[in-house]
Structures are given as C-alpha cells and as structure tokens.
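Listed here are the chains, written in short residue letters.
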Amino acid sequence: MYKALNAGAIGVKVSGLADAIGKATAHGFGGIEIDPAEVAQIGPEKVRAMLDQACLRAAGWGLPVDWRGSEEKWREDLKALPHLAQAASAVGCTRCSTWVLPMSDEKPFAENRQHHIERFKPIADILREHGCSLGLEFIGPKTLRDRGKHPFIHTMGDMLELGEEIGPNVGLLLDCWHWYTSGGTVEEIEALMPDRVVYVHVNDAPEGVKVDEQVDNVRCLPGETGVIDIKRFLQALKRIGYNGPVVAEPFKKELNELPSDDDRLATVAKSLDKIFVEAEL
C-alpha cells in the first residue's frame, strides 16, 4: 500500500499534472490521481517520464462517464471512454472508480439495481479491454439513505454482488467511513480476494455521534479521533494482499479553512504517516 494524493478531496487546487506532481513530491506522497484526458493530451510517454522522475505512481482516475444522467449523455461518454482508458492504461493507471447513491426517489430497489447493471456493464467491458478495473463505492450513512423514498445498496456485501453481475473486473472503492457507517467488519475485509478492492479511502468520524447519526460530509482526518478502527482496517487490507493506493478523503471544514494549500497538504500527509506507522505498513 502507498499514500496517494487526490488534491480535490482535501481542498487543494492544482493547475495540471506538473503542479500535482510538485505538490505530491513536496509532501511525501507516493502517487497521484490523474486525469486521463490530460494524459492523452500531453502524451503517455511524456507523462510516464514525469512520474518516473518524481518517483510517483499514477494511482487512479475517476470514471469520466455520466452514467447517472440521460441515456444520450451516457452513450456519448461511452464513445469517448476507450480513448481515455487507453491513455490511463498506458501510464500504468488501471484503477478507475465512482460512487453509488444508497437511495432513489424514482426507482424501487430491484428496478434501480437492474438500471445500474445496464449502465455499468458496457463501461466495465470497455475498461476490461484496456486492462482497467472499476471500483464501485457503497455509501454507508443511514442519514443519507433515509433522504430517499427507496433505499438502495449501502453495504460491502451487496455492492460486491452487484459487481459480480456487472463484470469480472469490477470491485470496491472501499472507504473506511462507509465501511464503519454501514456496520462493516474486519472479518468481511479479510474474506475478500485482493482484486476485489480496487481503491481505498481513509478518514475518521467525529466523537460523540452514534453510528446511525453520522453525517456524510462531516468527517475527520485519518486517525484523528479513533472512532473508526483504521489500524485494523488497514491491517486487514494488508493481510489480504492489497497493494494499491490509500487516499485521504476527510471532508473536514477546518482543513479547508487552513491558510494555504501547503498547510492542507502537510496536515493530511502527517495524518497518513501516522496511520501507516500505527498499522505497521
């Protein structure tokens, strides 16, 4: 496992790949998320050289397909996906991910599940052709799924079952926040094959708030409160052989209010260093 940077997740602005590389290396990250469109524009060979010179890995990329919207837009984005997947794969970036809402106002569970399979299957097929995996993030908090008329998938097990129906290259974007708020266990992680975990997010939860009352966008830095047992979470991933990126996604108001990007990067890097030491990674 290695520490990777998603600048947007911690309120840091970057002006392209070179800037992201500079910020990541200055603060000890081992990888960065990439934009495959930028990789295609710059050229994979040049991007590989930039990353190699900085001793960084291309950690992952967000799915650039609007699968939640209209069929027309979904099909339009599907046409562009092979070019983007090829560019990402050419720099060794084979981990693609997106998130799935745990409720719907329009579709009952069975109908919604079929809709997700139909939307994701062509995406997964294209990614597989280019050696890429798709990580689907389940969203755990009860406070969020209660906002919709129809509850939907919000646990690791149910998301894994959905992924199996979509394609062999589909697994989890496993966020310890959603693992905690959905009632996940270490034993469930230890039962996974390593290729079922495509990507990992880490953070912590506020103290003094019951699990079912946690609010999705009110989190803490990784290891800050100890409410989430991040040590056992990471050790379980280590035991199953997960060797991919670990990205901080704290959604912490006070972090965004720090004076500069350097302050935010240093604070997050320190929190990741702390949990890696505690988990003996």
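Coordinates for the structure precede this section.
The rules behind these values
Residues numbered from 1 in each chain as written. Predicted model: local features only at pLDDT ≥ 70, side-chain atom pairs only at ≥ 80, totals over all residues. Heavy atoms only, no water. Phe/Tyr/Trp six-rings, centres within 6.5 Å; stacked < 30°, edge-to-face > 60°. Helix = DSSP H or I, 4+ residues; strand = E, 2+ residues; numbered from the N terminus. Buried < 20%, exposed > 50% of the residue type's maximum accessible area, 1.4 Å probe, protein only. Axes fitted to C-alpha atoms, helices over the stretch in contact; angles between N-to-C directions. Parallel < 35°, antiparallel > 145°, perpendicular 65-115°, else oblique. Left-handed = near helix turned anticlockwise from the far one by under 90°. Contact = heavy atoms within 4.5 Å. Nonpolar A, V, L, I, M, F, W, Y, C, P; charged D, E, K, R; others polar. Pairing = 2+ DSSP bridges. Disulfide = S-S within 2.5 Å. Core = buried A, V, L, I, M, F, W, Y, C linked by side-chain atoms within 4.5 Å.

J.: So what exactly am I meant to see when it comes to the packing of aromatic side chains here?
T.: Taken as a whole and judged by the stated rule, the model has three aromatic pairs. Their ring planes at 45 degrees and their centres at 4.5 Å tell us that W67 and F120 sit as a pair that is tilted. Residue W67 is located in the loop between β3 (57–62) and α4 (71–90), and its partner F120 is located in helix α5 (residues 109–129); the two are separated by 53 residues in the primary sequence. Given the relative accessible area of 3%, W67 is considered buried.

J.: Is there a simple way to think about the packing of α5 against helix α7 (residues 156–166) in this case?
T.: When two helices pack together, their arrangement is given by the angle between their axes and by how far apart the axes lie. Two elements in contact, α5 and α7, have axes separated by 9 Å at closest approach and are oriented at 55 degrees. On the basis of the axis angle, α5 is oblique to α7. The hand of the α5/α7 crossing is right-handed. Residues R113, H116, I117, F120, K121 and A124 of α5 lie in contact with α7, whose contacting residues are E161, L162, E165 and I166. A breakdown of the residues in the contact of α5 with α7 according to their chemical character gives five nonpolar, one polar and four charged.

J.: Help me understand the pairing of strand β8 (residues 170–175) in this model?
T.: On a regular strand, one side chain projects to one face of the sheet and the next to the other, so that they alternate. In terms of burial, β8 is largely enclosed, as six of its six residues are buried. For strand β6 (residues 133–138) and β8, the ladder comprises three bridges, and the chain directions are parallel. Across the sheet, the residue bridging to L136 is L172, located in β8. Where β8 meets strand β9 (residues 197–202), four bridges bridge the pair, whose relative direction is parallel. In the strand pairing of β9, D175 is matched with H201.

J.: Is there a simple way to explain the state of the cysteines in this structure?
T.: Such a bond, covalent and formed between the sulfur atoms of two cysteines, is termed a disulfide. Applying the stated criterion to the full structure yields zero disulfides. Between C96, a cysteine without a disulfide, and C132, which holds the nearest cysteine sulfur, the sulfur-to-sulfur distance is 7.1 Å. With a relative accessible area of 0%, C96 lands in the buried category. Relative accessible area serves as the criterion here: at 2%, C132 is assigned to the buried category.

J.: Which parts of the structure should I look at to understand the environment of M1?
T.: With respect to the element layout, M1 can be found in the segment before β1 (2–5). Considering only alpha carbons, one finds M1 and H115, 114 residues apart in sequence, at a separation of 34 Å.

J.: Before we go on, may I ask you to explain the nonpolar core in this structure?
T.: General note: in soluble globular proteins, nonpolar side chains tend to be found buried as a group. Ranked by size, the top nonpolar core spans 80 residues in total, and within it I123 and F233 carry the most contacts. Beyond its immediate sequence surroundings of up to four residues, I123 is in contact with L63, V65, W67, W74, L78, L81 and L134. Ranked by size, the runner-up nonpolar core spans six residues in total, among them Y2, A4, A59 and L173.

J.: I tried to follow the sheet that holds strand β4 (residues 95–100) on my own but got confused; where do I start?
T.: Across a sheet, paired strands are connected by hydrogen bonds in the backbone, their directions being either parallel or antiparallel. With parallel pairing, eight strands are arranged side by side around a closed barrel as β1-β2-β3-β4-β6-β8-β9-β10. The mean inter-strand angle of the sheet, taken between neighbouring strand axes irrespective of direction, is 30 degrees. Across two bridges, the pairing between β1 and strand β2 (residues 31–33) is parallel. Residue L5 lies in a different strand from β2, and its bridge partner there is I32.

J.: Looking at this model, I keep getting lost on the side chain of K252. Mind explaining?
T.: With respect to the element layout, K252 can be found in the loop between β10 (245–248) and α11 (253–256). Apart from residues no more than four positions distant in its own chain, K252 is found in contact with R219, C220, L221 and E224.

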